[in-house]
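Here are the chains, one letter per residue:
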Amino acid sequence: MSYKVFISHKNEDESNETGHEIGNYLMEECDYKKEDIFFDKISLEGGMNWRSEIINRLLASEVVIVILDTETVESDWVQREIDMARARNISILPVTLKTEYKDIEKSLSRFDLKENQFIGFPSGRSTAKIRETIKTISERIPKLAQKTISSQQTDYDTWMEKRKVATKKNRADSTSNLYVFAHPKNPELKFHLATGDSSTIRDFDILVNTENNYMQMARFYETNTLSWVIRTKGAYFDGEMLIEDTIQDELHKQAVDNARLPVPQRHVLVTSTGHKLGELKRFTDYRYVLHAASVEFDLLNRKVRPSGEVTRIIMNCIKKVDDIDRKKGRVGTGKEIFVEAKDDYKPLESILFPAFGAGNGGRKLAEAADEIIAFFARTDIPNFIEHMELSLNKIGFTVYFEEDIQDVVNIFNKYGFVTESVPGES
């Protein structure tokens, strides 16, 4: 049985040669198919988008072999590849090209591999020793791959248990204006308490989506996240077959193609609302999706955690609205334009925020809501919006479960927002 193997390395002569030898041995001696092995010198072909191909193949792998030489410590790409492997619980097998520990100690330290047992590749390029070493590597792959599969299954099972608990709550019906509040300093700026599934709420121009700092949206089986809903409803399916993963592709083109992974914490990228035949485009009023890097991978503890400074994320979202308005809706750079500028462009007037860090981020909704609402109350947001010449006059905040609604209403009241309408009032 063959597994998905990704060979990570710095582009140096000896590392390149070693990667070739490992890849060729697995294909020729162990019956691995070419598509099961990713080594850039073997796998990349003319016309491929190499950055996207590297990311996609790495995330689908079950073992990552990292070739370490003295110069590998300088490679940001190797760092990114190791980070993404850890984020997906993919087993890592270090292969060292130096016999002296001091020659690779810096690489082991930078990539946090000191606790990983490594395999030393023979010097002198002795064919017999090389084959013996690669055979040892090939024999380690099945156990490491099974560890990957088991770890990912454990994560999935844990997620399913959390989802069972979550679904016991009463989900609120979707509405864009369950409550309406006026800002305590400027009553003309309205805050709407929206409820339910954000992907079905109408009457907002922009939907804010919380993402990790690798901008890798939730996979298609992770059905308990807003990221999954946005990705799915923004994609184009022919029946059950995925034809175009539009929103994730747009994120890749911006983040991956510009070699900016991981993106800076609190960074915000903007995409369209997906394929013209997708549900998000057809059945909501959203014109754009803002993807905020509000969750980061904690490499030390192998966990995800909310990024700090939620208020900066909000400000970055508002600045991104200004950027879209100034470009008259033009989204994308260079040859990759997702939404063209229009002469009849209408400035953005409304934005819907989630509870940053709540749910999978690990924070309680009341804690997340308090930080956001306090920020809007204490910051001179109306003057800030006016100074930037924005047309924003409606800011929404979502609550998914019915039992959480009153807690958020109480927080709005706590910070002096004036209640203008409540459910049932005409």
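Residues numbered from 1 in each chain as written. Predicted model: local features only at pLDDT ≥ 70, side-chain atom pairs only at ≥ 80, totals over all residues. Heavy atoms only, no water.

Visitor: Could you clarify how one ought to interpret empty space enclosed by the protein in this entry?
Guide: With a probe scaled to a water molecule rolled over the atoms, the places where space remains empty come into view. This model, assessed by the stated rule, comprises one cavity of 30 Å³ or more. Volume-wise, the largest cavity comes out at about 40 Å³. Around the largest cavity, the lining residues are Phe191, Phe353, Ile372, Ile373, Phe376, Ile395, Gly396, Phe397 and Phe412. Secondary structure elements with two or more residues in the lining of the largest cavity: α11 (365-378) and β17 (394-399). Taken together, the residues of the lining of the largest cavity sort by class into eight nonpolar, one polar and no charged. (1 Å grid on protein atoms, 1.4 Å probe; cavity = no way out; pocket = protein on both sides within 12 Å on 5 of 7 lines; lining within 4 Å. Points joined across faces, edges and corners; volume = space filled by probe spheres on them. Helix = DSSP H or I, 4+ residues; strand = E, 2+ residues; numbered from the N terminus. Nonpolar A, V, L, I, M, F, W, Y, C, P; charged D, E, K, R; others polar.)

Visitor: In this structure, what is going on with the side chain of Thr273? I would like to understand it.
Guide: Along the polypeptide, Thr273 turns up in the loop between β11 (268-271) and α9 (279-283). A residue is classified by how much of its surface remains accessible, and Thr273, at 0% relative accessible area, is buried. There is a polar contact of 3.3 Å between the side chain of Thr273 and the side chain of Lys281. Once residues lying within four places of it in the same chain are set aside, the contact partners of Thr273 are Gly234, Ile247, Leu280, Lys281, Tyr286, Arg287, Tyr288 and Val289. (Buried < 20%, exposed > 50% of the residue type's maximum accessible area, 1.4 Å probe, protein only. Polar contact = N/O pair within 3.5 Å; in protein donor to acceptor, adjacent residues only side chain to side chain. Contact = heavy atoms within 4.5 Å.)

Visitor: Could you clarify how one ought to interpret unusual backbone geometry in this entry?
Guide: Note on backbone geometry: most residues besides glycine have negative phi, and most peptide bonds are trans. Positive phi, normally seen in glycine, also occurs at Asp203, with a value near 75°. The residue Asp203 is located in the loop between β7 (190-195) and β8 (206-212) in this model. For Asp203, a relative accessible area of 44% gives the class partly exposed.

Visitor: In this structure, what is going on with the packing of aromatic side chains? I would like to understand it.
Guide: Geometry of an aromatic ring pair is reported as the spacing of the ring centres plus the angle between the planes. Going through the model one piece at a time under the given rule, you end up with 10 aromatic pairs. Summarising the aromatic geometry, the rings of Phe353 and Phe376 are spaced 5.9 Å apart at their centres and angled 55° between planes, so their arrangement reads as tilted. Here Phe376 lies in helix α11 and Phe353 lies in strand β16 (residues 350-353), a separation of 23 residues in the sequence. Judged by its relative accessible area of 3%, Phe376 falls in the buried class. The interplanar angle of 85° and the centroid separation of 4.9 Å between the aromatic rings of Tyr400 and Phe401 together place this pair among those described as edge-to-face. The side chain of Lys394 reaches across the aromatic face of Phe204, ending 4.4 Å from its centre. (Phe/Tyr/Trp six-rings, centres within 6.5 Å; stacked < 30°, edge-to-face > 60°. Lys NZ or Arg CZ within 6 Å of the ring centre and 35° of its normal.)

Visitor: Would you mind going over the sheet that holds strand β2 (residues 37-38) with me for this structure?
Guide: Adjacent strands of a sheet form backbone hydrogen bonds with each other and so pair up, either parallel or antiparallel. Sheet architecture is open: five strands sit in the order β2-β1-β3-β4-β5, paired in parallel fashion. Looking at which strands have only one partner, the edges of the open sheet turn out to be β2 and β5 (119-120). (Pairing = 2+ DSSP bridges.)

Visitor: I would appreciate a short explanation of the side chain of Asp36 in the present structure.
Guide: Structurally, Asp36 can be placed in the loop between α1 (13-29) and β2. Among the polar contacts listed, one links the side chain of Asp36 to the side chain of Lys4, at a separation of 3.0 Å. Contact partners of Asp36, with chain neighbours within four places excluded, come to Ser2, Tyr3, Lys4, Val5 and Arg57.

Visitor: Explain the confidence of the model for the chain here, please?
Guide: Detailed reading of the predicted coordinates is not advisable wherever pLDDT is low. Model confidence for the chain is summarised by a mean pLDDT of 83, while 86% of its residues fall at 70 or above. When pLDDT is averaged over each element of the chain, β16 comes out on top at 95 and strand β13 (residues 303-306) at the bottom at 58. (pLDDT = per-residue confidence, 0-100.)

Visitor: I tried to follow the pattern of salt bridges on my own but got confused; where do I start?
Guide: When the charged atoms of two side chains lie near each other, side chains of opposite charge can form a pair. Using the criterion set out here, one finds 12 salt bridges in the structure. Between Arg131 and Glu29 there is a salt bridge whose closest N-O contact spans 3.4 Å. Residue Arg131 is found in helix α6 (residues 127-166), and its partner Glu29 is found in helix α1; the two are separated by 102 residues along the sequence. When its relative accessible area of 43% is taken as the criterion, Glu29 is described as partly exposed. A salt bridge links Glu139 to Lys135; the shortest N-O distance between them is 2.5 Å. Remark: Lys135 and Glu139 occur in helix α6; sequence separation between them is four residues, near one turn of the helix. The class for Glu139 is partly exposed, based on a relative accessible area of 46%. (Salt bridge = Lys/Arg side-chain N within 4 Å of Asp/Glu carboxyl O.)

Visitor: What's the story with the nonpolar core in this structure? I'm lost.
Guide: Grouped burial of nonpolar side chains is what soluble globular proteins tend to show. Within the largest apolar cluster, 53 residues are counted, with the highest numbers of intra-cluster contacts made by Leu290, Ile351 and Phe376. Here this core takes nine residues from α11, the largest share from any one element. Formed by 38 residues, the second largest nonpolar core is a distinct cluster that contains Val66, Ile104, Leu207 and Leu251. (Core = buried A, V, L, I, M, F, W, Y, C linked by side-chain atoms within 4.5 Å.)

Visitor: Even after reading the chapter, I still don't get a negative patch on the surface, so can you show me in this structure?
Guide: On the surface, a cluster of negative charge is contributed by Asp173, Glu402, Glu403 and Asp407. For Asp173, the location among the structural elements is in the loop between α6 and β6 (175-182). (Patch = residues over 30% accessible without salt bridge, like charges linked within 9 Å, V, L, I, M, F, W, Y side chains within 5 Å. Areas by Shrake-Rupley, 256 points an atom, 1.4 Å probe, with all protein chains shown as cover. Lys, Arg positive; Asp, Glu negative; His and termini not counted. Charge placed at Lys NZ, Arg CZ, Asp CG, Glu CD.)

Visitor: Would you explain α1 in this entry?
Guide: Turn by turn, an α-helix covers 3.6 residues, leaving residues three or four places apart pointing in a common direction. Between the first and last C-alpha of α1 there are 24 Å, a value that for 17 residues agrees with the 24 Å anticipated at 1.5 Å per step. Within α1 the residues assigned to the buried category are Ser15, Asn16, Thr18, Gly19, Ile22, Gly23, Tyr25 and Leu26. Downstream of α1 by a residue or two, Asp31 has a phi angle that is positive, lying close to 65°. (Expected span 1.5 Å × (residues − 1).)

Visitor: Would you mind showing me how to read the layout of surface pockets here?
Guide: Looking at the second largest pocket, its volume works out to about 460 Å³. Lining of the second largest pocket is provided by 18 residues; of these, Ile90, Ser91, Ile92, Asn116 and Lys147 occupy positions nearest its centre. Residue assignment for the lining of the second largest pocket shows that the elements contributing at least two residues are α4 (76-87), β4 (91-96) and α6. Here the element with the most residues in the lining of the second largest pocket is α6; it accounts for five residues. Class assignment of the residues belonging to the lining of the second largest pocket gives a composition of six nonpolar, six polar and six charged.

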